[in-house]
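Chain and residue survey
Spelled out, the chains give:
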Amino acid sequence: MSQGTQMMRLLGIVSLLCGLLIVGTQRGTLARIRHNQETIMRESVARLLPGIEKQIIYGIQPSDELTILPNVEASGPRFFAGYDASGRFLGVVVEASERGYADVISAMYSYSPETQTITGFQVIDMKETPGLGNKISSDPGFLENFKQLDATHPITTVTHGAKKNPWEIDAISGATISSRAVGRMLQKSVAAVAPVVQRNLGRIERGQ
Amino acid sequence: MNHEPTVPSCHPGGAAVSNPSPTETMVAFTTGLWKQNPVFVMVLGMCPTLAITNSVRNAIAMGLATTFVMASANAFISMVRKMVPKQVRIATYILMIATSVTIVDYLVKAISIPVYKALGPFIPLIVSNCLTLERAESYAGKNPIGKSILDGLGMGFGFTFALTCLGTVREVLGAGTFLGFPLFGKNFEPWVLFLLPPGGFISLAMWLLTFTFWREWSEKRKAARTAAEAAEEIPVEVIL
């Protein structure tokens, strides 16, 4: 056997073994990874909709039709509908993302179709500047904006202390770019999701 | 300052040790912890060292991930070292390191998604950490499996120790917390600079200075003690 063939055979065997190891690990950890993702998502939804006992994930089709998704792994536009122990509809939680100062900010917010307001906001993932932009996830004054944020009007971010209307977000001083990114994120997401939720409200309330 | 390794077979081209004594085996483990610490002595793997150490939790997670990669990659490489032709050894080593990194990637994701998100692209980048290839080429490719695993563990724990040192300084000064627990009162104003990239360089410089001063001081003390012992042993007749 020539030296070239010998080297190719060795590399082939090593590659095959490495491939088997990777596939084995992937298969072995798949269930656990899915479970972790589902737990994180459900915990986030529960934090935004207190009292939630049951949730249904609705996928939004290109034709604005709703389909019930089997698990959190399903991709595409979607939202979570929350229900209490008696089956009463509490509201929906929507995922949204927008380019921030350092990278994309991913967040979830709760929306009440009854009052047409945003009732809660939580950052899921971000890489904003520590001590400045990353305050969007913890600053009590900033998070106060999302207790009853009017979603019937395009949401806008105003400079710190200049908030006058219920659809305005009072920015964090020193973190204007990140605050504005949150405003843009909510404005775009509400414009896309709220009409679909309102159109299908009866179905969502019945959990169908 | 003596930076030479204490294990002769660590040198590229060094002879393989077929039957290592227990002392040699221990040296294979402890060398990476202190005498050849990957960060404080060899100054390798600077990318994760500077990028990940803005919290102690991330530093420990990154260190342990690297430790697993180094121990498993060293084991695989040592197992096949006699079969791999010289011409394709680097390709084979990279393949095995990449496999170990991919396994770690899945394991971290299965253990904790928040940690996985915090470490971001730096887990896949372990494959390009020069420390892993350096140990594969200079140690695992020339030594038996047991010693190679110990070398990987020693280097990995040394790396974890260094990352934790940096992470401690940066988290305590930059956020006023340790492992997420607040250390100071509400009046503490965090020194945010330490969480930003310049803080990484400043912390690393402080630790390198401290480590170098300590090494020089201990070596001078050792030299002085040896000289004193040698002076005591000189026969009186010679002095006369």
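Here goes a summary of the coordinates provided. (Residues numbered from 1 in each chain as written. Chains lettered and ligands numbered in written order. Predicted model: local features only at pLDDT ≥ 70, side-chain atom pairs only at ≥ 80, totals over all residues.)

**Here we look at the overall build of chain A**
Our working rule: Numbered from the N terminus, helices here are DSSP runs of H or I no shorter than four residues, and strands are runs of E no shorter than two. Our radius of gyration looks at C-alpha atoms and nothing else; its globule reference is 2.2 Å times the residue count to the power 0.38. Exposed residues have 12 or fewer other C-beta atoms within 10 Å of their own C-beta, buried residues have 20 or more, and partly exposed residues fall in between, where C-beta atoms are placed from the backbone. A pair of residues counts as a contact when their C-beta atoms, built from backbone coordinates, are separated by no more than 7 Å.
Regarding its fold elements, chain A presents four helices and nine strands. Along chain A, from the amino end to the carboxyl end, the secondary structure elements read α-β-β-β-β-β-β-α-β-β-β-α-α. Computed over C-alpha atoms, the radius of gyration of chain A comes to 22 Å, more than 25% over the 17 Å expected from 2.2 N^0.38 for 208 residues, which places it beyond the range of a compact globule. For chain A, with 208 residues in total, the buried portion stands at 29%. In chain A, the proportion of contacts linking residues at least 24 apart, taken out of those at least 6 apart, comes to 53%.

**Some remarks on the overall build of chain B**
The secondary structure content of chain B amounts to nine helices and two strands. Overall, chain B shows an N-to-C arrangement of helices and strands of α-α-α-α-α-α-α-β-β-α-α. When the 240 residues of chain B are sorted by exposure, 40% land in the buried category. Relative to all contacts within chain B whose residues are 6 or more apart in sequence, the contacts with residues 24 or more apart total 75%.

**Some thoughts on the interface of chain A and chain B**
How we decide: For this scheme, ten residues count as nonpolar: Ala, Val, Leu, Ile, Met, Phe, Trp, Tyr, Cys and Pro. Four count as charged, namely Asp, Glu, Lys and Arg, and the remainder, Gly too, count as polar.
The partner chain B presents 25 residues to the 20 residues of chain A that form the contact. For the side of chain A that touches chain B, the leading source of residues is helix H1 (residues 3–48) of chain A, giving 17 residues. The residue inventory of the side of chain A that touches chain B, partitioned by class, reads 10 nonpolar, eight polar and two charged.

**Quick word on the sheet that holds strand S7 (residues 149–150) of chain A**
Residue and element names in this part refer to chain A. The condition that has to hold: At least two DSSP bridges between two strands are required for those strands to pair. For every element, the axis is a line fit to its C-alpha atoms; helices are fit only across the contacting stretch, and the angle between N-to-C directions ranges from 0 to 180 degrees.
Spatial strand order, S2-S1-S3-S4-S5-S6-S7: seven strands in an open sheet with antiparallel pairing. Two strands close off the open sheet at either side, each with one partner strand: strand S2 (66–69) and S7. Where strand S5 (residues 104–112) meets strand S6 (residues 117–125), seven bridges bridge the pair, whose relative direction is antiparallel. For Tyr 109, the partnering residue across the bridge sits in S6 and is Phe 121. H1 contacts strand S1 (54–60), strand S3 (78–83), strand S4 (89–99), S5 and S6 of the sheet and is inclined by roughly 150° relative to S6. Each of S1, S3, S4, S5 and S6 is contacted by helix H3 (residues 176–199), which is oriented at about 135° to S4, the strand it contacts most.

**Re the packing of helix H3 (residues 56–80) of chain B against helix H4 (residues 89–111) of chain B**
Residues and elements named next belong to chain B. Note the following rule: Each crossing gets its handedness from the near helix: less than a right angle anticlockwise from the far helix is left-handed, clockwise is right-handed.
Orientation of H3 relative to H4, taken along the N-to-C sense of each, is 145°, at an axis distance of 9 Å. The handedness of the crossing between H3 and H4 is right-handed. Taken together, the residues of H4 that come into contact with H3 (itself represented by Ala 65, Phe 68, Val 69, Ser 72, Ala 73, Phe 76, Ile 77 and Val 80) are Thr 92, Tyr 93, Met 96, Ile 97, Ser 100, Val 101, Val 104 and Val 108. Looking at the contact of H3 with H4, its residues break down into 13 nonpolar, three polar and no charged.

**Notes on the nonpolar core**
All names here are of chain B. Formally: Buried Ala, Val, Leu, Ile, Met, Phe, Trp, Tyr and Cys residues form a nonpolar core when they are connected through C-beta atoms within 7 Å.
Within the largest apolar cluster, 50 residues are counted, with the highest numbers of intra-cluster contacts made by Ala 65, Val 69, Ala 73, Ile 97 and Val 104. Sorting the residues of this core by element identifies helix H1 (22–35), H3, H4, helix H5 (113–119), helix H6 (130–140) and helix H7 (145–175) as the ones contributing at least two each. With 12 residues, H3 is the single largest residue contributor to this core.

**Quick notes on unusual backbone geometry**
Phi at A:Gln116 takes a positive value of approximately 55°, unusual for a residue other than glycine. With respect to the secondary-structure elements, A:Gln116 resides in the loop between S5 and S6. Despite not being glycine, B:Val43 has its phi angle at roughly 50°, a positive value. Looking at the element boundaries, B:Val43 is found in the loop between H1 and helix H2 (46–51).

**Regarding the pairing of S4(A)**
Residues and elements named next belong to chain A. Here S3 pairs with S4 via five bridges, running antiparallel. Bridging across to S4, Phe 80 finds its partner in Val 93. Where S3 folds back on S4, the antiparallel hairpin that results is connected by five residues, among which Gly 87 adopts a positive phi of roughly 90°. Across eight bridges, S4 lies against S5 in antiparallel orientation. What sits directly across from Val 92, in S5, is Tyr 111. Here S4 folds back onto S5, and the loop between the two strands holds four residues.

**Things to note about the environment of B:Met70**
Residues and elements named next belong to chain B. The residue Met 70 is located in helix H3 in this model. Accessibility expressed as a C-beta count within 10 Å gives 31 for Met 70, which makes it buried. For Met 70 and Gly 156, which are 86 residues apart along the polypeptide, the C-alpha to C-alpha distance reads 6.5 Å.

**Some remarks on the pairing of S1(A)**
Residue and element names in this part refer to chain A. Where S1 lies against S3, six bridges are found, and the strand directions are antiparallel. Along S3, the bridge assignment pairs Gln 55 with Gly 82. Pairing of S1 with S2, which is carried by four bridges, proceeds in the antiparallel orientation. Within S2, the residue paired with Tyr 58 across the bridge is Ile 68. If you look at the hairpin formed by S1 and S2, you'll find five residues sitting between the two strands, and Asp 64 has a positive phi there, around 70°.

**Things to note about the packing of H3(B) against H6(B)**
To characterise two packed helices, one gives the angle between the axes of the helices and the distance between these axes. Residues and elements named next belong to chain B. It is at 10 Å that the axes of H3 and H6 come closest, and there the two elements cross at 35°. Crossing angle aside, the handedness with which H3 passes H6 is right-handed. For the pair H3 and H6, the contacting residues are Val 69, Met 70, Ala 73, Asn 74, Ile 77 and Ser 78 in the first and Thr 132, Arg 135, Ala 136 and Ala 140 in the second. For the contact of H3 with H6, the residue count by class is six nonpolar, three polar and one charged.

**Here we look at H7(B)**
Residue and element names in this part refer to chain B. Put simply, the rule reads: Under the convention used throughout, the expected extent of a helix is 1.5 Å for every residue step, that is, one less than its residue count.
Between its first and last C-alpha, H7 extends 43 Å over 31 residues, near the 45 Å set by a 1.5 Å rise per residue. Within H7, 23 of the 31 residues are buried, leaving the element largely enclosed by the surrounding structure. The positive-phi residue at the C-terminal boundary of H7 is Gly 176, with phi of around 70°.

So, to be careful, I would describe these as geometric facts and stop short of saying anything about function.
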